[in-house]
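Results of the structural survey
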Amino acid sequence: MEENKAGITEKINTYKADVEALVRFLPWLEKRAGEKLSTNYSPEDGAEITMKVPVYDSTLLSFIKAAKQTKFINKNYVYTYSRYKIRNSEDELKLIDRVQIMDIELLGNILSKYVIKGNTKGAVWSEGMENGVYLKLITKMKSLIEYWTKPME
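Please read these numbers as outputs of a predicted model, since none were measured by experiment.

Let's talk about helix H5 (residues 89-98)
- Those residues of H5 not exposed but buried are Glu92, Leu95 and Ile96. Relative to the axis of H5, the buried residues are bounded by an arc of 105° and lie together on one face. Away from its buried face, by an angle of more than 90 degrees, H5 presents the exposed residues Glu90 and Arg98.
- Check the buried side of H5 and you find it contacts helix H4 (77-83), helix H6 (104-120) and helix H8 (133-148).
- With a side-chain oxygen lying 3.1 Å from the backbone nitrogen of Glu90, the N-terminal cap of H5 falls on Asn88.

Some words on the side chain of Asp18
- Inspection of the secondary structure assignment puts Asp18 in helix H1 (residues 2-23).
- There is no salt bridge for the buried Asp18, and the closest opposite charge comes from Lys71, which lies 4.1 Å off by N-O distance.
- With residues near it in sequence (within four places) discarded, Asp18 still touches Gln69, Thr70, Lys71 and Phe72.

Things to note about the nonpolar core
- The biggest cluster of nonpolar side chains holds 43 residues, and the ones touching the most others in it are Leu22, Leu29, Phe63, Leu111 and Tyr134.
- Listed by contribution, the elements that provide at least two residues to this core are H1, helix H2 (26-32), helix H3 (58-68), H4, H5, H6, helix H7 (123-130) and H8.
- Once you skip the residues sitting within four places of it in the chain, Leu22 turns out to touch Phe63, Ala66, Ala67, Thr70, Phe72, Leu111, Ile138 and Met141.

Criteria and cut-off values
- Residues numbered from 1 in each chain as written.
- Predicted model: local features only at pLDDT ≥ 70, side-chain atom pairs only at ≥ 80, totals over all residues.
- Heavy atoms only, no water.
- Buried < 20%, exposed > 50% of the residue type's maximum accessible area, 1.4 Å probe, protein only.
- Helix = DSSP H or I, 4+ residues; strand = E, 2+ residues; numbered from the N terminus.
- Arc of directions from axis to C-beta.
- Contact = heavy atoms within 4.5 Å.
- Polar contact = N/O pair within 3.5 Å; in protein donor to acceptor, adjacent residues only side chain to side chain.
- Lys, Arg positive; Asp, Glu negative; His and termini not counted.
- Salt bridge = Lys/Arg side-chain N within 4 Å of Asp/Glu carboxyl O.
- Core = buried A, V, L, I, M, F, W, Y, C linked by side-chain atoms within 4.5 Å.

Structure representation (structure tokens):
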């Protein structure tokens, strides 16, 4: 029993500050969940040979920047996806529901997928918002930490 308490305390000490940094985006995530937060900018001259450039919501970019600075980001997130047979956002949402405090890294691995893949394929950042994964992730992180500590603002 003592080993369990020590493990839980270690998880809380490791991730609490990062969860607090991400929780500040929760009201915005709740308000904008399910929305597409990027548009494509095409040059005005109408030339079809030019490249479209994605333009993102500034708060989304702030959220991604904050997420990149957390301990949750893991380059090896793909192992979680293969181990738990995650194929789509529905599978991600189901796994988020099942995660407990000792497996909080799984939430970080799902977040890592969106943050890291979004660096090379910009539409991925927006997908996390559209399918509700960001909202569910941050809500779950907050509830896990609050269950074992005191409520966050």
